[in-house]
Amino acid sequence: MIQQRMMIQKLRLGMQCILAMGVMIVSTYSIEAQMVNQGELTIMPNTQVGVLDPIDNASSGIWMNDGELFCYNHFNNDGMVDFLNEGLTRFEGSTVQRITGSSESFFYDLLFNNGFIALAFQLAGNITVENEANFDTGVVDGQNFGGLLSFTAGADHINTSDNSHMDGTVIKNGDNSFDFPIGNAGQYRPATINAPQNVLDQITGRYILENSDPTYSHGSAVGVIERIDNTEYWVVERTNGNSNVVLTLGWDADTSPSFITAANPNSLHIIRWDANQGFWVDEGGIPDAANQTVTTIAEVSGYGVFTLATVSVEEVLPGGLVSYNAVSPNGNGENDFFRIDGIERFPNNTMEVFNRWGVPVYKTKGYNLTDNVFRGFSEGNLTLGGSEPLPTGTYFYVLTYEFSENGSTPRTVRKTGFLYIDAN
């Protein structure tokens, strides 16, 4: 696609149809009542063109907009739709407008303005915004029609609201922070990420106003998680690159009235469904009551399904660490190791595990969640070999790490607690 777009630069002088400076209203009168472009067409700067009938850019068609296009009907692109410098495409109408096509359409500036019904725009094709999308009126429905809306690096959106947003998947490219203009069932519920590390990173976002429990069991919540929002969830995925991001979600009495009424804002955290472990994990939370948002304490530990939950605040360690207090060394894929969410942020740590008589069975430095974990096997002074799991029972751990709050001098945090090993 990039090579195709570069070829446009060479083709411009050979355009078969050039719409020069001025204002033009185009309406065709044919059996199918549509405007079909099979050649090469450009709208020059400072030129306004309005098309009353459906637009069909055929597979051989090259459509360039450096001016202002008013599209009052359906729009289909099977060829190339792009721009050379900049241009504004306005989807405005008084009936449902379909945006379709087998080829991706590139728009510099884009306006959605159709108040006919709530789901005014049926997006079945893929469109990309290079600069700005103006969500004035009308929801863009990609969820029911399979369309995708993409934003390039630095592109953004304005006027997004309950009345106008993307219902479906939004793709965000680049290394800038971004508010996903997503919603569902007439509710605008954005997810915000901080800037990824490089311009090639790609993150997608989608919002679903449904209870996640039937698919992602709320009964499979461990650690400090107490109550999970049962009305909505977000899906945030990384589809290219290797950056992790800080995630912000919001709470709203319109979408989760009973959950929010019962919740203490200070106890709200973002949680994520860990598909590998098969349970919800805590990603931490910094609540902002003024803006009704919650932000993860650090970069998320993974991607996938997210929602809000209340947690037992008194069990959260300094720095947002959360321990899960159960190990099952039976190879069933559940609780395979002693998990402490957030520990990777504090690599200068020491972990010790003791049996109920105070005999050490495990000790390590730089405990993490990948290759340096306690799996319920003895590595201490017991007669049991390291190749055999420890007996079922209650054990005790001591975690020591360095923690600095708001740039202050680091202090040593020493946490003791218990964990239960089930060797059956």
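As a reminder, the structure under discussion sits directly above these lines.
Described in the following lines is the structure provided in the data block.

Each value, and the rule that gives it
Residues numbered from 1 in each chain as written. Predicted model: local features only at pLDDT ≥ 70, side-chain atom pairs only at ≥ 80, totals over all residues. Heavy atoms only, no water. Patch = residues over 30% accessible without salt bridge, like charges linked within 9 Å, V, L, I, M, F, W, Y side chains within 5 Å. Areas by Shrake-Rupley, 256 points an atom, 1.4 Å probe, with all protein chains shown as cover. Salt bridge = Lys/Arg side-chain N within 4 Å of Asp/Glu carboxyl O. Buried < 20%, exposed > 50% of the residue type's maximum accessible area, 1.4 Å probe, protein only. Helix = DSSP H or I, 4+ residues; strand = E, 2+ residues; numbered from the N terminus. Contact = heavy atoms within 4.5 Å. Pairing = 2+ DSSP bridges. Polar contact = N/O pair within 3.5 Å; in protein donor to acceptor, adjacent residues only side chain to side chain. Phe/Tyr/Trp six-rings, centres within 6.5 Å; stacked < 30°, edge-to-face > 60°.

1. Quick word on a nonpolar patch on the surface
Turning to step 1, where the next piece is worked out: A cluster of nonpolar side chains, namely Phe 116, Ile 117 and Leu 119, defines an oily patch on the protein surface of about 250 Å² accessible area.
Turning to step 2, where the next piece is worked out: Judged by its relative accessible area of 39%, Ile 117 falls in the partly exposed class.

2. What about the environment of Phe 151?
Turning to step 1, where the next piece is worked out: Structurally, Phe 151 can be placed in strand 17 (residues 148-151).
Turning to step 2, where the next piece is worked out: Residue classification places Phe 151 among the buried positions, given a relative accessible area of 0%.
Turning to step 3, where the next piece is worked out: Linking Phe 151 and Ala 133, residues 18 residues apart in sequence, is a C-alpha distance of 8.9 Å.
Turning to step 4, where the next piece is worked out: Sequence-distant contacts of Phe 151, that is, excluding residues within four places in its chain, are made with Val 129, Ala 133, Asp 156, His 157, Val 170, Ile 171, Lys 172, Asn 173, Phe 178 and Pro 181.

3. Details of the sheet that holds strand 16 (residues 140-141)
Turning to step 1, where the next piece is worked out: Reading across the sheet, the seven strands line up as 3-6-9-12-14-16-19 and stay open at both edges, with parallel pairing between neighbours. Each of the sheet's edge strands pairs with one partner strand only, and the pair in question is strand 3 (35-37) and strand 19 (166-167).
Turning to step 2, where the next piece is worked out: When strand 6 (residues 55-57) meets strand 9 (residues 75-77), the two strands line up parallel, connected through three bridges. Across the sheet, Ile 55 pairs through a bridge with Phe 75, a residue of strand 9.

4. Brief notes about the environment of Gln 122
Turning to step 1, where the next piece is worked out: Summarising the element assignment, Gln 122 is placed in strand 14 (residues 121-123).
Turning to step 2, where the next piece is worked out: Distance from Gln 122 to Thr 100, taken between C-alpha atoms, is 8.1 Å for residues 22 residues apart in sequence.
Turning to step 3, where the next piece is worked out: Among residues more than four places away in sequence, those in contact with Gln 122 are Val 96, Gln 97, Arg 98, Ile 99, Asp 141 and Phe 145.

5. What about the environment of Asn 372?
Turning to step 1, where the next piece is worked out: Position of Asn 372 among the secondary structure elements: in the loop between strand 38 (360-365) and strand 39 (393-403).
Turning to step 2, where the next piece is worked out: Assessed through its relative accessible area of 18%, Asn 372 is described here as buried.
Turning to step 3, where the next piece is worked out: Each C-alpha atom, one on Asn 372 and one on Phe 337, is 9.9 Å from the other, the two residues being 35 residues apart in sequence.
Turning to step 4, where the next piece is worked out: Contacts of Asn 372, omitting those with residues within four sequence positions, involve Tyr 362, Thr 364, Lys 365, Gly 366 and Tyr 367.
Turning to step 5, where the next piece is worked out: Within polar-contact distance, the side chain of Asn 372 engages the backbone oxygen of Lys 365 at 2.8 Å.

6. Here we look at the sheet that holds strand 40 (residues 411-421)
Adjacent strands of a sheet pair through backbone hydrogen bonds, lying either parallel or antiparallel.
Turning to step 1, where the next piece is worked out: Spatial strand order, 35-40-39-37-38: five strands in an open sheet with mixed pairing. Each having just a single partner strand, strand 35 (326-327) and strand 38 make up the two edges of the open sheet.

7. Here we look at the packing of aromatic side chains
Turning to step 1, where the next piece is worked out: Enumeration over the complete set of coordinates arrives at 21 aromatic pairs.
Turning to step 2, where the next piece is worked out: With a centroid separation of 5.4 Å and an interplanar angle of 70 degrees, the aromatic rings of Phe 83 and Tyr 108 are classed as edge-to-face. Here Phe 83 is found in the loop between strand 10 (80-82) and strand 11 (88-92), whereas its partner Tyr 108 is found in strand 13 (residues 105-113), with 25 residues between them in sequence. Taken as a pair, Phe 83 and Tyr 108 share a single burial class, namely buried.
Turning to step 3, where the next piece is worked out: On the numbers, 5.2 Å between centres and 50 degrees between planes, the contact of Tyr 207 with Trp 234 is tilted. Of this pair, Tyr 207 sits in strand 25 (residues 202-208) while Trp 234 sits in strand 27 (residues 233-240), and the two are 27 residues apart along the sequence.

8. Topic: the pattern of salt bridges
Turning to step 1, where the next piece is worked out: Throughout the structure, instances matching the rule amount to seven salt bridges.
Turning to step 2, where the next piece is worked out: Close ionic contact of Glu 92 with Arg 90 constitutes a salt bridge, the shortest N to O distance being 2.6 Å.
Turning to step 3, where the next piece is worked out: Measuring nitrogen to oxygen at the nearest pair gives 2.5 Å for the salt bridge that ties Arg 339 to Asp 341. Accessibility assignment for this pair places Arg 339 and Asp 341 in one class, buried.

9. A closer look at the side chain of Asn 368
Turning to step 1, where the next piece is worked out: Inspection of the secondary structure assignment puts Asn 368 in the loop between strand 38 and strand 39.
Turning to step 2, where the next piece is worked out: For Asn 368, a relative accessible area of 16% translates into the label buried.
Turning to step 3, where the next piece is worked out: Looking at Asn 368, its side chain comes within polar contact range of the main-chain nitrogen of Thr 370, at 2.9 Å.
Turning to step 4, where the next piece is worked out: Of the polar contacts made by the side chain of Asn 368, one reaches the side chain of Asp 371; its length is 2.9 Å.
Turning to step 5, where the next piece is worked out: The residues touching Asn 368, leaving out its near neighbours within four places in the chain, are Ile 343 and Val 373.

Purely geometric numbers; function is a separate question.
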